Amino acid sequence: MYKIENHKVSDAARAHTHLDDAGYQRMYKQSLEQPDQFWAEQAERFLTWDKRWSKVHESDLSKGQAAWFIDGKLNVSVNCIDRHLAEHGDDIAIIWEGDDPSDAQRISYKQLHDKVCRLANVLKARGVKKGDRVCLYMPMIPEAAYAMLACARIGAVHSVVFGGFSPDAVRDRILDADCQAVITADESVRGGKRVPLKVNVEKALQECPNVHTVITVKRTGADVAWTEGRDVWYDEATANVSADCPPEPMDSEDPLFILYTSGSTGKPKGVLHTTGGYLLMAAMTHYYVFDYVPGEVYWCTADVGWITGHSYIVYGPLCNRATTLLFEGVPTYPDASRCWQVIDKHQVNIFYTAPTALRALMAKGDEPVKSSSRASLRLLGTVGEPINPEAWEWYYHVVGEQRCPIVDTWWQTETGAAMITPLPGSTTLKPGSATRPFFGVEPALYDPEGNELEGATSGNLVIKRSWPSQIRTVYGDHQRLVDTYFSTYKDVYFTGDGARRDEDGFYWITGRVDDVLNVSGHRIGTAEVESALVLHDAVAEAAVVGCPHDIKGQCIYVYVTPMNGVEPSEELVKELKTFVADQVGAFARPEFMQWAPSLPKTRSGKIMRRILRKIACNELDSLGDTSTLADPTVVQDLISNRIAHA
Ligand code: WT7
C-alpha cells in the first residue's frame with residue numbers, strides 16, 4: 001500500500017491559503033497571551049452585532065461556568081442570511097443532492113431568507129416564542145436547515161434528534177427538553193430505503209402531552225397518521241404566511257440549541273450551546289480549517305442530527321457566505337462511486353467526511369474513485385474518530401491525488417467547534433494526528449492523579465481554559481455538567497479522550513478513556529445499550545464493551561445473563577439485538593452477543609469491564625489481575641464461550 005509519512009505543506013498544491021506557519025504561531029500566541037483583545041478582534045471580523053459586548057469573557061471552570069461577549073446582541077439567522085443579501089442574495093447558499101442521483105436543488109441566499117422567514121412566522125403563529133424548545137426530527141433535506149434557522153430567527157431553541165433514532169429515543173429527548181413543537185417529514189429516504197419519521201413521531205408523542213404543534217414536510221407523499229388541530233403540513237402552512245419576519249434580538253449568552261449526546265450513564269445529556277461564542281467559533285474554524293473563500297463549493301457529509309452537521313453544514317458555512325452541500329443519501333448508494341460523482345457534478349472544492357466512510361469506500365477498491373475526475377477538489381477533511389494511517393494515505397493518494405491537504409479535526413459535541421486540527425498551508429500533516437490546537441485552545445495531558453504531564457508523553461486530554469463555543473450546561477442538570485467535565489480534574493475541562501503528544505508537540509487522539517463507544521462515528525454509551533437490554537423480560541443483567549472493527553472503528557459486543565428459567569437460543573439473540581435497535585436506534589445494534597451465566601464482579605459487586613473487553617477482543621494473554629474477582633471461575637466460562645470474530 002502507500003507509505004505512511006509526514007506530508008509537508010509544500011507537497012500539496014493549493015489555490016490559496018489564509019495563513020502560513022509563522023502566521024499560525026503568531027496568532028496562536030496572541031490568542032493565549034492577550035485573549036480578550038484576540039477574541040474581540042475575531043468577533044468583530046466574523047460576526048455582525050446589533051450591540052457590542054461590554055466584556056469579552058468571564059469563566060469559572062470549577063463551576064462549569066463560562067460567558068462570552070457579555071451583553072452583546074446579535075441574531076444567528078441574520079448573520080447566516082440577511083447580511084449577505086444586499087450584495088450576494090443570488091449566490092447559492094445550499095446545494096441539495098437527493099438520495100436519488102437525479103434529485104437536486106440549488107437554493108440562493110434570497111430564497112433561503114424567504115423560506116426561513118415563512119417558517120419562523122408559522123412557528124410564531126402557533127405560539128412558539130423566544131426560549132421555547134422545538135424538536136427537529138428530519139431527513140437531510142433543505143427544510144432541516146430552514147427549521148434550524150427559523151428557530152434561531154425567533155429565539156426558539158432547537159433540539160435536533162438524529163433521524164435514525166427510535167420513537168422511544170425521540171420521546172425521551174422531547175420530554176427531557178420539554179419541547180412544545182416538532183418539525184418532521186412524512187418519511188426520510190436514505191440509500192433507497194424509507195424511514196417513517198412521522199409515524200415514529202406519532203408513537204413518541206403518545207407520551208408527550210405538552211407538544212401542541214407538529215409541522216410535517218411532505219418528502220415522499222406516504223400515508224401518515226394525523227392529529228387534527230395539532231398537525232400542519234409544512235407546505236400549506238408556509239404558503240399562507242408573510243415572508244417578512246423581523247429577527248428577535250438575542251443576547252450573546254441566550255441558548256441557540258440543545259443537542260443530545262451519549263455519556264457514561266444511560267441517560268443522554270442535552271448539551272446546551274449559546275449564541276455569540278458558538279457562532280463565532282463555528283464560523284472562524286470553518287474559515288481557517290477549511291481555508292474557505294466564498295464562491296467555493298463545500299461539502300460536509302455529516303447528518304444535521306449531529307454536531308458536525310450543526311457547525312459545519314449549517315452555521316459555520318452560512319455565516320461565512322459559503323455554498324454548502326446537503327446530501328440526503330449514503331456514500332455507497334447507488335454504488336461506491338457516489339461521493340466522487342457528486343463532487344464532479346457539483347464541482348465540490350472541499351470535502352469533509354468520517355474515517356468510517358473512508359474505510360468502507362477503501363474496501364471497494366480504487367476503481368470507483370478513478371471513475372471520476374475530482375479535479376475541483378482542493379482540500380479534504382476528516383472527523384469523528386481517530387483515522388488509521390492506512391485510510392489517511394488512501395484518502396491522500398487516491399481521492400486527493402496528493403494535491404489536497406487533509407485536515408483531521410478533533411472535537412466534540414461539547415466543544416461546539418474544531419479544537420485540535422491542522423490548518424492547511426501552515427501545519428505539516430502527519431497521518432493519524434489531529435496535530436495542533438486551534439486559536440485560544442490550550443490542551444494538556446494529565447495523569448490519573450491530576451498531574452500535568454510535560455513533553456512527549458501520553459495521558460488524559462484536558463482543556464485548560466474556557467473557549468467561546470464551550471458547552472454551557474447540560475440542559476436541566478447543571479450539576480451533571482460539573483460532575484462529568486469539571487470534576488475529574490480541578491479547574492480544567494476533561495474531554496473523556498486519551499491522547500499522545502509527540503516531540504513536535506503534535507497531538508494524536510487515542511480514543512475514549514470512559515465508557516463511551518464510537519461505532520461508525522456514532523457516539524454510544526455502554527450504559528445506554530445495557531439499560532435497553534435489561535428492559536427485556538429475558539434479561540437479568542447485561543454488560544456491553546467495544547471491540548475494534550475494520551470498517552466501523554468499534555463494534556458492540558454484549559454479554560447477557562438470562563433470567564432464571566429463560567433458555568438461551570439463537571432466536572433470542574436475534575430478538576435481543578433487534579430490541580436494542582428498536583430501543584436506541586439501528587446504529588446501536590450489537591454485533592455480537594454472548595450468553596453469560598454470570599458476569600465477573602469485584603467483591604463489592606462492580607462488573608469488571610476491563611476483563612470483559614479483553615475476552616471479547618481476544619486479548620486473553622493480557623487479562624491482568626483477576627484475583628479481586630468474587631468468583632474467578634466465571635472468567636474461564638466466558639473465555640470458553642467467547643464469540644470468535646476477526
Ligand atoms: C468524540 C466526540 C465533533 C465531531 C463528531 C463527533 C472522537 C472526534 C476525532 C478525531 C480522533 C475523534 C473523540 C471525541 N473524535 N473527532 N479527529 N480524531 N477522535 O462528535 O459525537 O461528540 O464525539 O469523537 O473520541 O471525544 P461526538
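Residues numbered from 1 in each chain as written. Predicted model: local features only at pLDDT ≥ 70, side-chain atom pairs only at ≥ 80, totals over all residues.

K.L.:
Can you break down the UniProt feature "modified residue: N6-acetyllysine" (unreviewed entry) in the protein residue by residue, with the values?
P.N.:
In the numbering used here, UniProt assigns the feature "modified residue: N6-acetyllysine" (unreviewed entry) to Lys606. Relative to the helices and strands, Lys606 is located in the loop between strand E31 (592–595) and helix H18 (609–616). (UniProt positions renumbered as here; feature names shortened; annotations may be inferred. Helix = DSSP H or I, 4+ residues; strand = E, 2+ residues; numbered from the N terminus.)

K.L.:
Provide a residue-level description of the sheet that holds strand E20 (residues 406–409), including the pertinent values.
P.N.:
Pairing within the open sheet is mixed, and its seven strands lie in the order E5-E4-E17-E16-E18-E19-E20. The open sheet has two free edges, formed respectively by strand E5 (104–108) and E20, since each of these has just one partner strand. Averaged over all adjacent pairs, the angle separating strand axes in this sheet is 20°, with direction ignored. Bridge count between strand E16 (residues 297–300) and strand E17 (residues 323–327): three bridges; the pairing is parallel. Among the inter-strand pairings, Tyr298 is bridged to a residue of E17, identified as Thr324. Those strands touched by helix H4 (residues 109–125) are strand E4 (92–97) and E5, and its axis lies near 90° from that of E5. Running over the sheet, helix H5 (residues 142–154) touches E4, E5 and E17 and is turned about 140° from E4. (Pairing = 2+ DSSP bridges. Axes fitted to C-alpha atoms, helices over the stretch in contact; angles between N-to-C directions. Contact = placed C-beta atoms within 7 Å.)

K.L.:
Residue-level account of helix H3 (residues 76–88), with values.
P.N.:
Helix length check: H3, at 13 residues, gives a terminal C-alpha distance of 18 Å against a target of 18 Å (1.5 Å per residue), a fit within 8%. Those residues of H3 that sit buried are Val76, Ser77, Val78, Asn79, Cys80, Ile81 and His84. Among the structural elements, strand E3 (73–74), H4, H5, strand E14 (255–261), helix H9 (276–289) and helix H10 (307–319) are those in contact with the buried residues of H3. (Expected span 1.5 Å × (residues − 1). Buried ≥ 20, exposed ≤ 12 C-beta atoms within 10 Å, placed from the backbone.)

K.L.:
Break down helix H7 (residues 197–205) for me, citing the residues and quoting the values.
P.N.:
The set of residues buried in H7 consists of Leu197, Lys198, Asn200, Val201, Ala204 and Leu205. Viewed end-on, H7 has its buried residues packed into an arc of 155°, placing them on one side of the element. Where H7 is buried, its residues contact strand E6 (133–137), helix H6 (167–177), strand E8 (181–185), strand E9 (188–190), strand E10 (193–195) and strand E11 (213–217). (Arc of directions from axis to C-beta.)

K.L.:
Lay out the confidence of the model for the protein in plain terms, naming residues and giving numbers.
P.N.:
For the protein, per-residue confidence averages 95 on the pLDDT scale, and 98% of positions sit at 70 or higher. Here the prediction assigns the complex a pTM of 0.95, and the interface score ipTM is 0.99. (pLDDT = per-residue confidence, 0-100.)

K.L.:
Give a detailed account of the domain arrangement of the protein, specifying residues and quantitative values.
P.N.:
Think of interface size as the accessible area that goes away when the parts come together; that is how it is often given. Looking at the protein, the domain boundaries give domain 1 (11–499) and domain 2 (520–641). The C-alpha-based centres of domain 1 and domain 2 are spaced at 33 Å. With 19 residues of domain 1 at the contact, the number on the domain 2 side is 18 residues. Per-element accounting of the side of domain 1 that touches domain 2 gives the leading share, four residues, to helix H12 (residues 355–362). Class assignment for the residues of the side of domain 1 that touches domain 2 results in six nonpolar, 10 polar and three charged. (Domains from an automatic or database assignment. Nonpolar A, V, L, I, M, F, W, Y, C, P; charged D, E, K, R; others polar.)

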